[in-house]
Amino acid sequence: MGKVELRIENDQAWITLNRPEKRNAIDYEVIDLLNEKLDVIQTRSDAKIVIITGAGNDAFCSGGDLSVFHQIHTKTDAREMLLKMANVLYKLFFFPKPTVAYLNGTAVGGGCEIATACDLRIAEKNIKLGFIQGKLGITTGWGGSTYLMERLNNQEAIQLLMSANPFDANEGIKKGFIQNIYDRENFEQWITTFTRQPVGVLMAYKQRLLSQHDRPKLYKHVLEEIEDCSTLWETPEHHEAVQRFINK
Ligand SMILES: CC[C@H](C(=O)O)C(=O)SCCNC(=O)CCNC(=O)[C@H](O)C(C)(C)COP(=O)(O)OP(=O)(O)OC[C@H]1O[C@@H](n2cnc3c(N)ncnc32)[C@H](O)[C@@H]1OP(=O)(O)O
């Protein structure tokens, strides 16, 4: 089994982040594999909808792999890593087929950014979420705050980002970040209400959704977000926070 698994069946393309021993943290290989899987799905006529989830019962995704990315010290190197994943999430945000994050467990940091790049977010009931980057002295850096401003009203979005606080699925529902709380069985039933329709119907409605967004402006905002994150990456606050996690 690889670090990212793709299973296409029943008209559904399931992408599973498969590093449960690291709470499905994102490293360079995961970034490349996620990109590859999206390219495969785009060409498959038997995949009407994309579901991204995490392996195991503990986490959807715990964000960037701190044991790998803590070796990045300079703004230039941080920018390079951030841009690599930001380009994958930009592809995910503008993916021509509907995309759903099935939050099977904890989704924090970059894990919330992946979820935000999906059209819809469905959560199991006892999960923890959080744009916790601020507690590490950085901002989102993969496009997450840019996309959150597109998904929520700006006042809700800015509070989630600036507080860097964890929140649960019910709070996610209240803020409009989470659309439904389902266990796996109910989630799979819910998904079939969409896959009953031809892929052309789903892709046409997805295009209606995408036409609401100014594509060049969003990419410019993602690059600005990356500049902010990579500048903060060099601060002592960031390196000390990451070191505390590594040394825990
Ligand atoms: C632009 C995005 C940005 C970036 O890339 O820099 C970010 O994503 S910043 C945010 C980075 N993520 C975090 O700070 C979260 C760190 N992890 C945790 O807070 C917890 O692990 C949690 C809440 C996700 C799960 O807690 P739980 O108690 O269930 O598990 P453990 O903490 O015991 O972790 C189990 C095992 O996984 C390793 N782990 C977990 N998260 C990460 C991670 N993000 N990077 C690397 N490794 C991670 C943890 O070290 C444990 O490994 P072990 O070898 O068993 O000690």
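Refer to the structure above for everything that follows.
Because the structure is predicted, anything quoted here is derived from the model rather than measured.

## Quick notes on the overall build of the chain
Phase 1 of the analysis: Along the chain, the regular secondary structure elements total eleven helices and ten strands.
Phase 2 of the analysis: For the chain, the C-alpha radius of gyration of 17 Å lies close to 18 Å, the compact-globule estimate for 248 residues.
Phase 3 of the analysis: For the C-alpha atoms alone, the extent of the chain along its principal axes is close to 50 × 35 × 35 Å.
Phase 4 of the analysis: Counting every position in the chain, which comprises 248 residues, the buried fraction comes to 48%.
Phase 5 of the analysis: Element-wise, carbon and sulfur atoms account for 50% of the exposed surface of the chain, whose accessible area totals about 11,300 Å².

## Some thoughts on the site of the ligand
Phase 1 of the analysis: Around the ligand, a shell composed of 26 residues is seen, among which Arg23, Ser62, Gly64, Leu66 and Gly110 lie nearest.
Phase 2 of the analysis: Taking arginine 23, its side chain carries an N or O atom lying 3.0 Å from an oxygen atom of the ligand.
Phase 3 of the analysis: In isolation the ligand exposes 1,000 Å². Once the protein is present, 73% of that is buried.
Phase 4 of the analysis: Of all elements in the fold, only α2 (66–69) and α4 (110–117) reach the threshold of two or more residues within the shell around the ligand.
Phase 5 of the analysis: With three residues, the top contributor of residues to the shell around the ligand is α2.

## Digging into the nonpolar core
Phase 1 of the analysis: Counting residues in each nonpolar core, the largest one holds 63 residues, and the members touching the most others are Leu103 and Ile114.
Phase 2 of the analysis: With ten residues, helix α3 (residues 75–93) is the single largest residue contributor to this core.
Phase 3 of the analysis: Setting aside anything within four residues of it in sequence, one finds isoleucine 114 in contact with Leu17, Ile26, Ile52, Phe60, Cys61, Met85, Leu89 and Leu92.
Phase 4 of the analysis: By size, the runner-up hydrophobic cluster in this structure holds nine residues, among which are Ile49, Val100, Ile122 and Trp190.

## Here's the deal with the pairing of strand β1 (residues 4–9)
Phase 1 of the analysis: Where β1 meets strand β2 (residues 12–17), six bridges bridge the pair, whose relative direction is antiparallel. When the bridges of β2 are listed, glutamate 9 appears paired with glutamine 12.
Phase 2 of the analysis: Adjacent in sequence and paired antiparallel, β1 and β2 are bridged by two residues, among which asparagine 10 carries a positive phi angle near 55°.

## Remarks on the packing of aromatic side chains
Phase 1 of the analysis: Applying the stated criterion across every chain yields a total of twelve aromatic pairs.
Phase 2 of the analysis: Arranged with centres 5.7 Å apart and planes meeting at 70°, the rings of phenylalanine 131 and phenylalanine 177 form a pair that is edge-to-face. You can see phenylalanine 131 sitting in the loop between β8 (128–130) and α5 (144–151) and its partner phenylalanine 177 sitting in the loop between α7 (169–175) and β10 (180–181), a full 46 residues away along the chain. Each of the two residues, phenylalanine 131 as well as phenylalanine 177, counts as buried.
Phase 3 of the analysis: Summarising the aromatic geometry, the rings of phenylalanine 167 and phenylalanine 177 are spaced 6.0 Å apart at their centres and angled 75° between planes, so their arrangement reads as edge-to-face. Residue phenylalanine 167 is located in strand β9 (residues 167–168), and its partner phenylalanine 177 is located in the loop between α7 and β10; the two are separated by ten residues in the primary sequence.
Phase 4 of the analysis: Three or more aromatic residues joined by ring pairs form one cluster here, namely Trp14, Tyr102, Tyr182, Phe187, Trp190 and Phe194.
Phase 5 of the analysis: Over the aromatic face of phenylalanine 177 sits the side chain of arginine 121, whose NZ or CZ is 5.0 Å from the ring centroid.
Phase 6 of the analysis: Its end group placed over the ring of phenylalanine 94, arginine 215 keeps NZ or CZ at 4.2 Å from the ring centre.

So, how was this worked out
Residues numbered from 1 in each chain as written. Predicted model: local features only at pLDDT ≥ 70, side-chain atom pairs only at ≥ 80, totals over all residues. Heavy atoms only, no water. Helix = DSSP H or I, 4+ residues; strand = E, 2+ residues; numbered from the N terminus. Rg over C-alpha atoms; globule rule 2.2 N^0.38 Å. Buried < 20%, exposed > 50% of the residue type's maximum accessible area, 1.4 Å probe, protein only. Areas by Shrake-Rupley, 256 points an atom, 1.4 Å probe, with all protein chains shown as cover. Near = heavy atom within 4 Å. Polar contact = N/O pair within 3.5 Å; in protein donor to acceptor, adjacent residues only side chain to side chain. Core = buried A, V, L, I, M, F, W, Y, C linked by side-chain atoms within 4.5 Å. Contact = heavy atoms within 4.5 Å. Pairing = 2+ DSSP bridges. Phe/Tyr/Trp six-rings, centres within 6.5 Å; stacked < 30°, edge-to-face > 60°. Lys NZ or Arg CZ within 6 Å of the ring centre and 35° of its normal.

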